[in-house]
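Coordinate analysis (summary)
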Amino acid sequence: YKGEVYEVLQEVADREMALDTMAYTIDTRLHYLSPKKIKRLDLGPIHTIFAKDDNPVTHLVLEGISKKEIPLESYAVTLKIEETVSQSTFRTGTIFSSRDLQRWGSPVKQQFLLAPHRILQSIYSNYPEIKNDLTRPPIEMAALQAIKKTNHQIL
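Attention in this report is confined to the structure presented alongside it. (Residues numbered from 1 in each chain as written. Predicted model: local features only at pLDDT ≥ 70, side-chain atom pairs only at ≥ 80, totals over all residues. Heavy atoms only, no water.)

**A short note on the environment of Y127**
Counting through the fold element by element, Y127 comes out in the loop between α4 (117-126) and β5 (139-140). If we skip the residues at most four places from it in the chain, Y127 touches P56, L60, E63 and S122. (Helix = DSSP H or I, 4+ residues; strand = E, 2+ residues; numbered from the N terminus. Contact = heavy atoms within 4.5 Å.)

Quick look at the structure:
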């Protein structure tokens, strides 16, 4: 059913659509399918010298590059995870043409920032309020690379 779900989402959904609306759309268009959990992963934006947005992290990266405080190839990545779970079902329609739809819970949103150490230092010193929007403190990219190397050594 994965192809059918992707086709429905491609026709009606967009990046900014509420997750419970997306779940309702799947329920109504694919009546024989009843997903219990829907999760959306949004990787981006990628904050680099080539980014053209009004995000404060992007401006921080561009400012650091222009002052030559951080290397030209520096970047940061924002990751958003949104998840909702089906809580119950209800019947809609008439006696002859009824169907079951699901009641979806309120979406749980998480936001992460992955960046090198120098960019994290700039965030802590220049824009500490950015940390308030994140689910957990910013994740240092070097720590992720160390985990990756450790896992390869174990294998």
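From this point, the narrative continues.
**Focus: the packing of helix α1 (residues 2-12) against helix α2 (residues 19-29)**
As a packed pair, α1 and α2 sit with axes 10 Å apart at the nearest point and diverge in direction by 120°. With respect to α2, the element α1 is oriented oblique. The handedness of the crossing between α1 and α2 comes out as right-handed. Residues V5, V8, L9, E11 and V12 of α1 form the contact with α2, whose participating residues are M22, T25, I26 and R29. Tallied by class, the residues present in the contact of α1 with α2 amount to six nonpolar, one polar and two charged. (Axes fitted to C-alpha atoms, helices over the stretch in contact; angles between N-to-C directions. Parallel < 35°, antiparallel > 145°, perpendicular 65-115°, else oblique. Left-handed = near helix turned anticlockwise from the far one by under 90°. Nonpolar A, V, L, I, M, F, W, Y, C, P; charged D, E, K, R; others polar.)

**Let's talk about α2**
Inspection of α2 places L19, M22, A23, T25, I26 and D27 among the buried residues, and these make up the whole buried set. The inward-facing, buried residues of α2 contact α1, β1 (37-47), β2 (76-93) and β3 (98-104). (Buried < 20%, exposed > 50% of the residue type's maximum accessible area, 1.4 Å probe, protein only.)

**Focus: the packing of aromatic side chains**
Overall, the coordinates contain one aromatic pair when judged by the stated rule. Arranged with centres 5.7 Å apart and planes meeting at 45°, the rings of Y1 and Y32 form a pair that is tilted. Separated by 31 residues along the polypeptide, Y1 in the segment before α1 and Y32 in the loop between α2 and β1 bring together distant segments of the chain. Under the relative-accessibility criterion, Y1 is labelled exposed at 62%. (Phe/Tyr/Trp six-rings, centres within 6.5 Å; stacked < 30°, edge-to-face > 60°.)

**Looking at the pairing of β2**
Where β1 and β2 come together, nine bridges link them in antiparallel fashion. Among the inter-strand pairings, I46 is bridged to a residue of β2, identified as V77. Across seven bridges, β2 lies against strand β4 (residues 108-115) in antiparallel orientation. Counterpart to E82 in the pairing with β4 is K109. Of the pairings in the sheet, the one linking β2 to β3 comprises seven bridges and is antiparallel in character. Looking at β3, one finds that G93 is bridged to S98. (Pairing = 2+ DSSP bridges.)

**Concerning the pattern of salt bridges**
With the rule as written, the count across this model stands at four salt bridges. Linking K37 and E83 is a salt bridge whose minimum nitrogen-to-oxygen distance equals 3.0 Å. Note that K37 is positioned in strand β1 and E83 in strand β2, a separation of 46 residues in sequence. On the accessibility criterion, E83 (21% relative accessible area) is partly exposed. For E63, the salt bridge goes to K67, with nearest N and O atoms at 3.4 Å. (Salt bridge = Lys/Arg side-chain N within 4 Å of Asp/Glu carboxyl O.)

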